Structures are given as C-alpha cells and as structure tokens.
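# Secondary and tertiary structure notes
The chain contents come next:
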Amino acid sequence: MIDQDFILKSYNSKVERGSVKWSSPSNIALVKYWGKRKNQIPENPSISFTLSNCKTITEVTYTKKKSTEFSFEVFFEGEKNEAFKPKIQTFFERIESYVPFLRDYHFNIETSNTFPHSSGIASSASGMSALALCLMSIEEDLGVDYADDYFNRKASFLARLGSGSACRSIEGELVVWGKNKSTESSDLFGVRFDGDIHSNFKDYQDAILLVDKGEKQVSSTLGHKLMYGHPFAKERFLQAHDNLDKLKDILSSGDLKEFIKIVESEALTLHAMMMTSMPYFILMKPNTLEIINRIWKFREENNSNICFTLDAGANVHVLFPKAEESKVYDFIKSELVAYCQNGHYICDSVGNGAKRL
Ligand code: PMV
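Conventions used here
Residues numbered from 1 in each chain as written. Predicted model: local features only at pLDDT ≥ 70, side-chain atom pairs only at ≥ 80, totals over all residues. Heavy atoms only, no water. Pairing = 2+ DSSP bridges. Helix = DSSP H or I, 4+ residues; strand = E, 2+ residues; numbered from the N terminus. Axes fitted to C-alpha atoms, helices over the stretch in contact; angles between N-to-C directions. Buried < 20%, exposed > 50% of the residue type's maximum accessible area, 1.4 Å probe, protein only. Polar contact = N/O pair within 3.5 Å; in protein donor to acceptor, adjacent residues only side chain to side chain. Contact = heavy atoms within 4.5 Å. Salt bridge = Lys/Arg side-chain N within 4 Å of Asp/Glu carboxyl O. Near = heavy atom within 4 Å. Areas by Shrake-Rupley, 256 points an atom, 1.4 Å probe, with all protein chains shown as cover. Nonpolar A, V, L, I, M, F, W, Y, C, P; charged D, E, K, R; others polar. Phe/Tyr/Trp six-rings, centres within 6.5 Å; stacked < 30°, edge-to-face > 60°. Lys NZ or Arg CZ within 6 Å of the ring centre and 35° of its normal. Expected span 1.5 Å × (residues − 1). Arc of directions from axis to C-beta.

Time to look at the sheet that holds strand β12 (residues 316–320). In spatial order, the strands read β11-β12-β10-β13; together these four strands make up an open sheet with antiparallel pairing. Two strands close off the open sheet at either side, each with one partner strand: β11 (307–310) and β13 (345–349). Recorded for the sheet is a direction-independent mean angle of 25° between the axes of neighbouring strands. The sheet contact formed by strand β10 (residues 205–209) and β13 spans five bridges and is antiparallel.

Below, the structure is given as structure tokens:
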C-alpha cells in the first residue's frame, strides 16, 4: 500500500454531530525504533508487545462548523488542557490530506490515562493511537464503510503521523513496523506479527518500575534527530534488521534465553546510541543500573527468565513469562521497589490492542 491509498475521497458532509470513543494501549518495543526520515518513516524495523493495562481513553465529540480553521478543545482528566494543543495541531496538519473533514467540524477531545500522568510513561503511543482511532470511527459515521483490515491500517497510518511508535498500538499481541525481509510489514503502518508465537510468550508480563517520574530529559523528536550523522547509525539500523530476524525464530521456538539476549541488548544499544551522539545524554539513573544489576543476579541465582528493557528514559520494564509471575513479583516487592520513586510500579501484561467503547 502507498500513502495515496489512505486518502478519504468522499464522505457525507451533511452529518451535523456525533461522538466516538476508543481505548488504546501503550506498547513496549523489543527491537527499538530510533531514527526516522521525513514523514515519520522509520530508519529501521521495530517490533513491540502491545500492553494491556496502560491505556488512553479518548472520546471525541464533533460538531459541524462554518469557519475553515482547525477548531478543537482538549480536556485531560476532566480539565481543559492547553499543553496538549500544539501536538494535536501538528498532528491535524500532518494528516489533513488523508482526513479531509478536519476543518468541517469542531472537535471536543476528552482524554484520560489509566496510568498516572506524571509517571514518566510515554503517553504518546496510547494517546495518538486513541485519537487516530476516533477519527477513523468518525469517517465511518460520515458514511464510509471499511473492512477491519483497512480500518486498522489507516488508524495505524494516522497514528504514525502523530507519534511513530503509536502505530504499533492498534492491534495485539506483537506488532511489527518498518519494512524488513523476515515479516510482512510496512514503513507506513504497523501490522500484527504474522509468525508463530510459542506458548512461552503468551500472556508475557511487564512490570514497569517507575525510577524517574519527571519529564523526559530528551524528547523523542530530539532523540530521533540525533541519529542523523551519528557515527554508528548505519550499523545500528542493520543490527535492528538482524535482531528482528533472530527474534522471529525465537518467538516461534520459545527460546527464552535467546529472547533475553536480544531484548536486553536492544535496550542497552538504544541508550548507547544516546551516549555516543553529539550532544550526548545519559538517560539512565543510578537506580536504573541498580535494578539491572539486581535483575541479572536474580536471574543467575534462580535460573529465572526475567529480563529488562528500557525506553528513552530511566524507567525499567521488567519482562517475564506468566509462569514466573509470583516469584518475580515477590522479588520486585522485596528488592526492586526500593529503587522506584515513591515505591511506584505498574503491573502490566501483553494485550490484544485497542477497543471501541
Ligand atoms: O514514537 P516516538 O517518536 O516517541 O519514539 C519512541 C521510540 C522508543 O520508545 C524509544 C522506542 C520504540 O520503538 O518504542
């Protein structure tokens, strides 16, 4: 499919008002997306687990209007929010040619997250995907009839233009984004991983340890830019292809030890890229390292399959098979909670994607 396939060509412009509501989850990348080209095209393929509990719930009410300006208000957790508006304005500008009714309506966007606002958890993936899905449902209200596949693809396509990783939040349980030779995929939208998934990876658990709940030290926008002219970028992009290749086989064979190697190496590589860019950043905190070392020790001593991954920040995602749930949570409570800000962590697991409410 190409960009033009996502342009809405005709719709019923007589519809006066309506309301749509979606819940959309966050996702956690196993092979990381870091580096993009124009129009949010990724430099390398990525794959993520869709999460289940960390979600954004967004309701959009639309009312026909006369003026030709974009018009919208955003309410976050019940309160008018000006801070989100520039991001949504940019999003509308980027997607306008695919969603031509954006100037015909005033949009009231009411949104909330199931996870605490200042948790350092990126809400852009769940937030942008929820908004993209609402716009798709409005297209349907305007008389367009979509097959599920196309609906999801266009929702993912639009979400990508809001925030790259958001395109991996529409479906579950594993989603691939970015052309590669080993899976069916596209640079334009995320698709459900089409390979076999061994039972070891069903219902995988993700405990998100909140080490630093503050604002991100490096925005994704800046982070992606740092990959331009980065001395190791070319190798890194090739490595991501290679890791996705390997992960495909691992997901089918159920080899947890090999899974751990890829996932942890990807997390550390993401951080290594930021430590070696110009300007350079260290996004881990001392407690991030404490947690990583304790995870390694626990794994060794208990023959466990616990591992970690990181986003572009200090929080740690602790990944483990469902079968180890109780012993890992005992470990988290007895040892790792001490390194979390105010002892906070979030229990999550792999989920099935967004839902219309
Ligand atoms: O979607 P963005 O532009 O915020 O990029 C996020 C990138 C990482 O979360 C660091 C990795 C990933 O693939 O999700």
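Excluding glycine, most residues fall at negative phi; most peptide bonds, likewise, are trans. With an omega of -10°, the peptide bond running from G172 to E173 counts as cis. For E173, the location among the structural elements is in the loop between α3 (148–162) and β8 (174–177). Despite not being glycine, N303 has its phi angle at roughly 45°, a positive value. By the element assignment, N303 lies in the loop between α7 (286–302) and β11. Overall, the relative accessible area of 59% leaves N303 in the exposed class. Despite not being glycine, N342 has its phi angle at roughly 50°, a positive value. N342 sits in the exposed class, given a relative accessible area of 61%.

Another point: the side chain of S304. Locating S304 in the fold gives a position in the loop between α7 and β11. Given the relative accessible area of 0%, S304 is considered buried. One polar contact links S304 to E324, side chain to side chain, over a distance of 2.6 Å. When neighbours within four sequence positions are excluded, S304 is seen to be in contact with K257, F298, R299 and E324.

Where side chains of opposite charge bring their charged atoms close, a pairing between them can arise. Applying the stated rule across the entire model yields 19 salt bridges. For E173, the salt bridge is made with K202, and the minimal N-O distance between the two is 3.5 Å. With a gap of 29 residues between them, E173 in the loop between α3 and β8 and K202 in the loop between β9 (191–192) and β10 connect regions that are remote in the sequence. Here the salt bridges do not stand alone but share partners, grouping E73, K80, E82 and K85 into one network.

Lining the immediate surroundings of the ligand are 13 residues, of which Y33, S165, R168, S220 and H224 lie closest. In this structure, S163 approaches the ligand through a side-chain N or O atom, which is 3.0 Å from an oxygen atom. One nitrogen or oxygen atom from the side chain of D311 is found 3.4 Å from an oxygen atom belonging to the ligand. Taken by itself the ligand offers 380 Å² of open surface, and the protein chains cover 92% of this. Among the residues making up the shell around the ligand, the classes are represented as five nonpolar, five polar and three charged.

Moving on, we come to the packing of aromatic side chains. Applying the stated criterion across every chain yields a total of 25 aromatic pairs. Pairing Y62 with Y105 gives two aromatic rings, centres 5.3 Å apart and planes at 90°, and the pair type is edge-to-face. Within this pair, whereas Y62 is found in strand β4 (residues 46–64), its partner Y105 is found in strand β7 (residues 105–113), the two being separated by 43 residues in sequence. Consider the rings of Y98 and F157, whose centres lie 4.8 Å apart with planes at 80°: the pair is edge-to-face. Separated by 59 residues along the polypeptide, Y98 in the loop between α1 (85–95) and β7 and F157 in helix α3 bring together distant segments of the chain. For the pair formed by Y98 and F157, the shared burial category is buried. An aromatic cluster is built from Y11, Y62, F70, F72, F91, F92, F101, Y105 and F107, whose rings are joined through pairwise contacts. Taking NZ or CZ as reference, K85 lies 5.7 Å from the ring centre of F72, over its face. Lying across the ring of F70, R103 places its NZ or CZ 4.2 Å from the centre.

What follows is about helix α5 (residues 233–253). End to end, α5 covers 30 Å across 21 residues, agreeing with the expected 30 Å (1.5 Å per residue, within 8%). What α5 keeps buried is the set A233, R236, F237, A240, N243, L244, L247, I250 and L251. Projection of α5 onto a plane perpendicular to its axis shows the buried side chains occupying an angular sector of 135°, all on one side. Exposed and facing more than 90 degrees away from the buried side of α5 are K234, E235, L238 and D249. Contacts from the buried residues of α5 go to β1 (17–31), β4, β8 and α6 (256–275).

Each turn of an α-helix holds 3.6 residues, which means side chains three or four residues apart point in the same direction. By the burial criterion, the buried members of helix α8 (residues 325–336) are V328, Y329, F331, I332 and L336. For α8, the angular spread of the buried residues around the axis is 155°, confining them to a single face. Seen from the buried face of α8, the exposed residues on the opposite side, beyond 90 degrees, are S326, K333 and S334. Lining the buried residues of α8 we find β10, α7, β12 and β13.

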